[in-house]
Amino acid sequence: HDCKIDWLELNSRADLLLFRDKRHHLHLYEMETQERTQLLHYCTYVNWVPGSDVVVAQNRDNLCVWYNIKAPDQITMQTIKGDVEDIERSGSETNVIVDEGIQQAVYPLNESLIDFSTAIDDEDYIRAMETIDGLYITPDVEAMWRQLHDMATRSGDTRISQRCAAAMMDMA
């Protein structure tokens, strides 16, 4: 990399590396393919959600969340007032804590999408399918169906692969 790095961290399986350089550009480096992807400019905060491959970052007044880091163009953004301080995960809730000066605000994350990421990491394709089965089809959710389809096809699970293809309206 051509600029000094001021923050870096591996995910729990040590196959993905997030790093931020001194210019506040956030990058993702995939160990297996040795590919680097720039995720965000003006990044002031970044961290993995504990126990998952979900990434939370701040870009000026935006809270940015990648529920599916394998699809880096699928980002969920929410406007915030203040600076992200921490990510708290307890039980069935994951919250981003934002310091708004006088008080702290809590921004909840979508636990279903976090559970999908964890199920994929555990190669529990049935749980992953059940997690996203009832969700409204958005670009994020469609990317998850595609990821699950690819993984199920590679592992030879045609039943899950067919269900994913149906969810993506790929009847052929």
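Residue numbers restart at each chain and count upward from 1, following the sequence in its written direction. The model is predicted, so local features are restricted to residues of pLDDT at least 70 and side-chain atom pairs to those at 80 or more, both for listing and for counting; the totals for chains, interfaces and linings are taken over all residues. Side-chain numbers come from the whole structure's heavy atoms, not from hydrogens or water.

Would you mind going over the pattern of salt bridges with me for this structure?
When the charged atoms of two side chains lie near each other, side chains of opposite charge can form a pair. By salt bridge we mean one thing: a side-chain nitrogen of Lys or Arg within 4 Å of a carboxyl oxygen of Asp or Glu. Going through the model one piece at a time under the given rule, you end up with 12 salt bridges. We note a salt bridge from aspartate 53 to arginine 13, for which the minimum N-O separation is 2.8 Å. Of this pair, aspartate 53 sits in the loop between β5 (43-48) and β6 (55-59) while arginine 13 sits in the loop between β1 (5-10) and β2 (16-21), and the two are 40 residues apart along the sequence. A single salt-bridge network, built from bridges that share partners, covers Arg13, Asp15, Asp53 and Asp121. Every helix listed is a DSSP run of H or I at least four residues long, and every strand listed is a run of E at least two residues long, numbered separately from the N terminus.

So what exactly am I meant to see when it comes to the sheet that holds strand β7 (residues 62-66) here?
Consider a sheet: its strands pair through backbone hydrogen bonds, and that pairing is either parallel or antiparallel. Strand pairing is defined by DSSP finding a minimum of two bridges between the two strands. The strand order across the open sheet built from 4 strands is β5-β6-β7-β8, with neighbouring strands paired in antiparallel fashion. At either end of the open sheet lies a strand with only one pairing partner, and these are β5 and β8 (76-79). When the angles between neighbouring strand axes are averaged without regard to direction, this sheet yields 15 degrees. Of the pairings in the sheet, the one linking β7 to β8 comprises 4 bridges and is antiparallel in character. Along β8, the bridge assignment pairs cysteine 64 with methionine 77. Note on geometry: axes are C-alpha line fits, over the in-contact stretch for helices, and angles between N-to-C directions span 0 to 180 degrees.

Would you mind going over the packing of aromatic side chains with me for this structure?
Given two aromatic rings, one states the distance between the centres and the angle between the planes to describe the pair. Pairs were defined over the aromatic rings of Phe, Tyr and Trp, the Trp ring being its six-membered one, requiring ring centres within 6.5 Å. Orientation was assigned from the angle between planes: stacked under 30 degrees, edge-to-face over 60, tilted for the rest. By the definition in use, this model includes 0 aromatic pairs. Taking NZ or CZ as reference, arginine 60 lies 3.7 Å from the ring centre of tyrosine 42, over its face. Ring-over charges, as used throughout, are those where CZ of Arg or NZ of Lys falls within 6 Å of the ring centre and within 35 degrees of the ring normal.

Would you explain the side chain of asparagine 59 in this entry?
Relative to the helices and strands, asparagine 59 is located in strand β6. Side-chain polar atoms of asparagine 59 contact the backbone oxygen of histidine 41, separated by 2.7 Å. Should any heavy atoms of two residues lie within 4.5 Å, those residues are counted as being in contact. Not counting chain neighbours up to four residues away, the residues in contact with asparagine 59 comprise Leu40, His41, Tyr42 and Cys64. Distance and chemistry together define a polar contact, namely a pair of N or O atoms within 3.5 Å, with one atom able to donate a hydrogen and the other to accept it when in protein, and with adjacent residues in sequence counting only for side-chain atoms on both sides.

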